[in-house]
Amino acid sequence: MINFDHRVTLKKGRKCVVSFFGDVHHNLEASHKRLFADYVGYLADRAKTDEVRASGQGDYCDPFSSGEKLKVRDLHGGTIDQIDKLTMELIDDFHAVVKPVAGSILGLLEGHHFHRFQSHGTKMKNGTPLFGATTTEYLCNLIGCAYLGTMTLSTYWINNKPLKFLSHHGYGSARTRSGRLVKRRRLAEKWEADIYVLGHDHDLFIEEESRMSQEKGDVGNLYRYYVASGSYLRGYITGTPFGTYAEEALLPPAELGSPIFEVEDRDGRLHIKHWLFK
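Treat the numbers as computed from the prediction; the structure is a model and nothing was measured. (Residues numbered from 1 in each chain as written. Predicted model: local features only at pLDDT ≥ 70, side-chain atom pairs only at ≥ 80, totals over all residues. Heavy atoms only, no water.)

**Regarding the overall build of the chain**
Then comes step 1: Helix and strand content of the chain: six helices and twelve strands.
Then comes step 2: Rg of the C-alpha trace for the chain: 19 Å, near the compact-globule value of 19 Å for 278 residues, within the 12% margin.
Then comes step 3: When its C-alpha atoms are laid out on the principal axes, the chain stretches across 70 × 45 × 35 Å.
Then comes step 4: A total of 278 residues make up the chain; the buried ones form 49% of that total.
Then comes step 5: As displayed, the chain offers around 13900 Å² of accessible surface, 52% of which is attributable to carbon and sulfur atoms.
Then comes step 6: Side-chain charges of the chain comprise 36 positive and 35 negative groups, with the mean position of each set lying 4 Å from the other. (Helix = DSSP H or I, 4+ residues; strand = E, 2+ residues; numbered from the N terminus. Rg over C-alpha atoms; globule rule 2.2 N^0.38 Å. Buried < 20%, exposed > 50% of the residue type's maximum accessible area, 1.4 Å probe, protein only. Areas by Shrake-Rupley, 256 points an atom, 1.4 Å probe, with all protein chains shown as cover. Lys, Arg positive; Asp, Glu negative; His and termini not counted. Charge placed at Lys NZ, Arg CZ, Asp CG, Glu CD.)

As structure tokens, this is what we get:
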């Protein structure tokens, strides 16, 4: 687990926009590339007037699944060289899309779909060896952001006021919204945070929970947010006889997009609004 702290100083009249993106599967035909480009454009526009901080939830491209990665190890050297080159090109293409907001991306989690470079000759353009690194680590090097690994418990200090979030790519295959929400709520039983974020199930929601609290003689509300970080992979595409794995497994259709939080420092505390970009 990566413990990641970041400080944000808000000038008067400015807000902090916090967002999470993942399960883009950008190299696949079923990926909604236009919607993801619109999302990047939205963050870039907001960065002109506000402070924008984004984090990745994994599965940015889709080179291999967990089971397929095991089989790659058995291939001979020439084939591995070609696979390394191909997966680098996939990441280069994705980097070109997110480059307008590279300065706003603080870190990337690992997902389930990635490639670990196997060739000793695989290097970045600046000569940095990539043997043993994952495609997500390579993307972090290109962007200039932190590699967050499997899980992060992070704090954004916004004008010295903490906003804590726990973030993980996600797990399991719950089909109902209630089952997916329970997975996120259970995180609060063991970890203290304000925002709990999981991806993987391609759902998109922000569930707000209010708790009563007393501070300095006043009684007020404290909030927790349970977040499904969304996806950009279309599960059902009309006009094709065979769809994606979502259609084959008859998984519930899900909205595409990303969660957005807007944080304002006002009256001595952080005020949070949220909505879904879709």
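**Here we look at the pattern of salt bridges**
Then comes step 1: Following the criterion strictly, the structure yields 18 salt bridges and no others.
Then comes step 2: Among the ionic pairs, R184 bridges to D201, the shortest N-O distance being 3.1 Å. You can see R184 sitting in helix α5 (residues 177–187) and its partner D201 sitting in the loop between β8 (195–198) and β9 (204–215), a full 17 residues away along the chain.
Then comes step 3: Overall, the relative accessible area of 9% leaves D201 in the buried class.
Then comes step 4: A salt bridge links R185 to E209, with the nearest nitrogen and oxygen atoms 2.9 Å apart. With R185 in helix α5 and E209 in strand β9, this pair connects stretches of sequence that are 24 residues apart.
Then comes step 5: Through salt bridges with shared partners, one network takes in K15, R46, D50 and E262. (Salt bridge = Lys/Arg side-chain N within 4 Å of Asp/Glu carboxyl O.)

**Description of unusual backbone geometry**
Then comes step 1: A positive phi is found at D59, a non-glycine position, where the angle reads about 60°.
Then comes step 2: Note on placement: D59 falls in the loop between β3 (51–56) and α2 (66–72).
Then comes step 3: Judged by its relative accessible area of 3%, D59 is buried.
Then comes step 4: Positive phi, close to 80°, is recorded for H200, a residue that is not glycine.

**So, the layout of surface pockets**
Then comes step 1: Considering only enclosed or pocket space, the second largest pocket measures out at about 490 Å³ in volume.
Then comes step 2: When the residues that make up the lining of the second largest pocket are grouped by side-chain class, the tally is ten nonpolar, nine polar and five charged. (1 Å grid on protein atoms, 1.4 Å probe; cavity = no way out; pocket = protein on both sides within 12 Å on 5 of 7 lines; lining within 4 Å. Points joined across faces, edges and corners; volume = space filled by probe spheres on them. Nonpolar A, V, L, I, M, F, W, Y, C, P; charged D, E, K, R; others polar.)

**Description of the sheet that holds strand β2 (residues 16–21)**
Then comes step 1: On the basis of which strands lie adjacent, the open sheet formed by six strands has the order β5-β4-β3-β2-β11-β12 and mixed pairing. Of all strands in the sheet, those with a lone pairing partner are β5 (146–149) and β12 (269–277), marking the two edges. Between one strand axis and the next, the sheet turns through 20° on average, direction left out of account.
Then comes step 2: Here strand β11 (residues 258–266) pairs with β12 via nine bridges, running antiparallel. Bridge pairing in β12 links E262 to K273. (Pairing = 2+ DSSP bridges. Axes fitted to C-alpha atoms, helices over the stretch in contact; angles between N-to-C directions.)

**Observations regarding the state of the cysteines**
Then comes step 1: Throughout the structure, instances matching the rule amount to zero disulfides.
Then comes step 2: This cysteine, C16, is not joined by any disulfide, and C145 carries the nearest cysteine sulfur, 16 Å off.
Then comes step 3: Left unpaired, C140 is separated from the closest cysteine sulfur, that of C145, by 3.9 Å.
Then comes step 4: When its relative accessible area of 3% is taken as the criterion, C140 is described as buried. (Disulfide = S-S within 2.5 Å.)

**With respect to empty space enclosed by the protein**
Then comes step 1: One pass over the structure, following the stated rule, counts two cavities of 30 Å³ or more.
Then comes step 2: Considering only enclosed or pocket space, the largest cavity measures out at about 40 Å³ in volume.
Then comes step 3: If you trace the largest cavity, you find it lined by Y60, C61, P63, I91, H113, F114, T135 and T136.
Then comes step 4: As a volume, the second largest cavity reaches approximately 30 Å³.
Then comes step 5: As for the second largest cavity, its lining consists of F21, F36, Y39, V40, L43, A54, V98, V101 and I105.

**A look at α5**
Then comes step 1: By the burial criterion, the buried members of α5 are R180, L181, K183, R184 and L187. Projected down its long axis, α5 shows its buried positions confined to an angular sector of 150°, all on one face. Away from its buried face by more than 90 degrees, α5 exposes S178 and R186. (Arc of directions from axis to C-beta.)

**Structural notes on the side chain of T122**
Then comes step 1: Tracing the backbone through its elements, the reader meets T122 in the loop between β4 (105–109) and α4 (135–143).
Then comes step 2: For T122, a relative accessible area of 7% gives the class buried.
Then comes step 3: Reaching out from T122, the side chain makes a polar contact with the side chain of D84 at a distance of 2.7 Å.
Then comes step 4: Setting aside chain neighbours within four positions, we find T122 in contact with D84, M88, F117, T128, P129, L130 and F131. (Polar contact = N/O pair within 3.5 Å; in protein donor to acceptor, adjacent residues only side chain to side chain. Contact = heavy atoms within 4.5 Å.)

**Observations regarding the environment of D93**
Then comes step 1: Mapped onto the fold, D93 is located in helix α3 (residues 77–98).
Then comes step 2: Classification of D93 as partly exposed rests on a relative accessible area of 48%.

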